[in-house]
Amino acid sequence: MGRDRGETFAQILARTLAEPPAPEVEDPAAPRMPDGRRLVALHAAIDPAEARELVAAGALLAFEGCGCGGGPGCAPTWYYADERRRAAEVVPRVRAKTHPGWIDLWSPVDDPGAQVVYVHGEVLWGDLMW
């Protein structure tokens, strides 16, 4: 008499493929827009000249000065249109002498066409940051 060895690999594979995908788990550490919409990263560590060009083309601009990456408990500064126009006049400079500094490109989850230039840490950008 044969032993029951349970499901075969083919049976496990067929069952797994038939199951609906697991729901996406929302990352509580993901940065958010001021209205609460979650942001997703598009490009890490973009060039400062590219950041200026993106802001000049209409991207939103956010800044968190501590260099933590914008996690929970870190409220970024969001810049208004007139401040973004001023930012578009000068190329930022990543100084990073006492704090890390970098610039990323993000987008709201529900609006992939929108862009957010997200500045972290010790970045000099005209009279707006550091």
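Going by the structure above, here's the rest.
Residues numbered from 1 in each chain as written. Predicted model: local features only at pLDDT ≥ 70, side-chain atom pairs only at ≥ 80, totals over all residues. Heavy atoms only, no water.

Student: Honestly, the pattern of salt bridges in this entry has me stumped. Any pointers?
Tutor: In this structure the tally under the stated criterion is 6 salt bridges. The partner of glutamate 19 in a salt bridge is arginine 15, with the nearest N and O atoms 3.3 Å apart. Residue classification places glutamate 19 among the partly exposed positions, given a relative accessible area of 42%. We classify arginine 15 as partly exposed; its relative accessible area is 38%. (Salt bridge = Lys/Arg side-chain N within 4 Å of Asp/Glu carboxyl O. Buried < 20%, exposed > 50% of the residue type's maximum accessible area, 1.4 Å probe, protein only.)

Student: It is not clear to me how the pairing of strand E2 (residues 60-64) should be interpreted in this structure. Could you clarify?
Tutor: The side chains of a regular strand alternate between both faces of the sheet. Judged by how many residues are buried, E2 sits mostly within the fold: 4 of 5 residues are covered. Sheet analysis places E2 next to strand E6 (residues 116-121), joined by 5 bridges and oriented parallel. Opposite alanine 62, over in E6, you have tyrosine 118 as the bridge partner. Pairing analysis gives 2 bridges linking E2 to strand E3 (residues 77-78), with the strands arranged antiparallel. Within the sheet, the bridge partner assigned to alanine 62 lies in E3 and is tryptophan 78. (Helix = DSSP H or I, 4+ residues; strand = E, 2+ residues; numbered from the N terminus. Pairing = 2+ DSSP bridges.)

Student: What am I meant to see in the side chain of serine 107 here?
Tutor: In this structure, serine 107 sits in strand E5 (residues 101-108). Judged by its relative accessible area of 1%, serine 107 is buried. A polar atom in the side chain of serine 107 sits 3.3 Å from the backbone oxygen of proline 112. Side-chain polar atoms of serine 107 contact the backbone oxygen of alanine 114, separated by 2.8 Å. Excluding residues within four positions of it along the chain, serine 107 makes contact with Arg38, Leu39, Val40, Leu42, Pro112, Gly113 and Ala114. (Polar contact = N/O pair within 3.5 Å; in protein donor to acceptor, adjacent residues only side chain to side chain. Contact = heavy atoms within 4.5 Å.)

Student: Is there a simple way to think about the packing of aromatic side chains in this case?
Tutor: Given two aromatic rings, their pairing is described by the distance between the two centres and the angle made by the two planes. Under the criterion given, the structure shown has 1 aromatic pair. A ring pair is formed by tryptophan 106 and tyrosine 118, whose centres lie 6.1 Å apart and whose planes are at 50 degrees; its orientation type is tilted. Placement of the pair is tryptophan 106 in strand E5 and tyrosine 118 in strand E6, with a sequence separation of 12 residues. For tryptophan 106, a relative accessible area of 12% translates into the label buried. (Phe/Tyr/Trp six-rings, centres within 6.5 Å; stacked < 30°, edge-to-face > 60°.)

Student: Just checking my understanding: could you explain the pairing of E5 for this structure?
Tutor: The element E5 is largely enclosed, with a buried count of 7 among its 8 residues. In the sheet, E5 pairs with E6 via 6 bridges, with the strands oriented antiparallel. In the sheet register, tryptophan 106 faces E6, and the bridge partner there is valine 116.

Student: Looking at this model, I keep getting lost on unusual backbone geometry. Mind explaining?
Tutor: If a residue is not glycine, its phi is most likely negative; likewise, a peptide bond is most likely trans. Even without being glycine, alanine 96 reaches a positive phi, approximately 50 degrees. With respect to the helices and strands, the residue alanine 96 is situated in the loop between strand E4 (93-94) and E5.

Student: What should I look at first to understand helix H2 (residues 48-56) in this one?
Tutor: For an α-helix, the turn length of 3.6 residues means that residues three or four places apart are oriented alike. Within the sequence span of H2, burial applies to Pro48, Ala51, Leu54 and Val55. Projected onto a plane normal to the axis of H2, the buried residues spread over an arc of 115 degrees and lie on a single side. In this fold, the buried residues of H2 make contact with E2, helix H3 (81-87), E4, E5 and E6. Two or three places before alanine 49, at the opening of H2, aspartate 47 has a side-chain oxygen 2.9 Å from that residue's backbone nitrogen. Residue glycine 58 follows H2 closely and has a positive phi angle near 115 degrees. (Arc of directions from axis to C-beta.)

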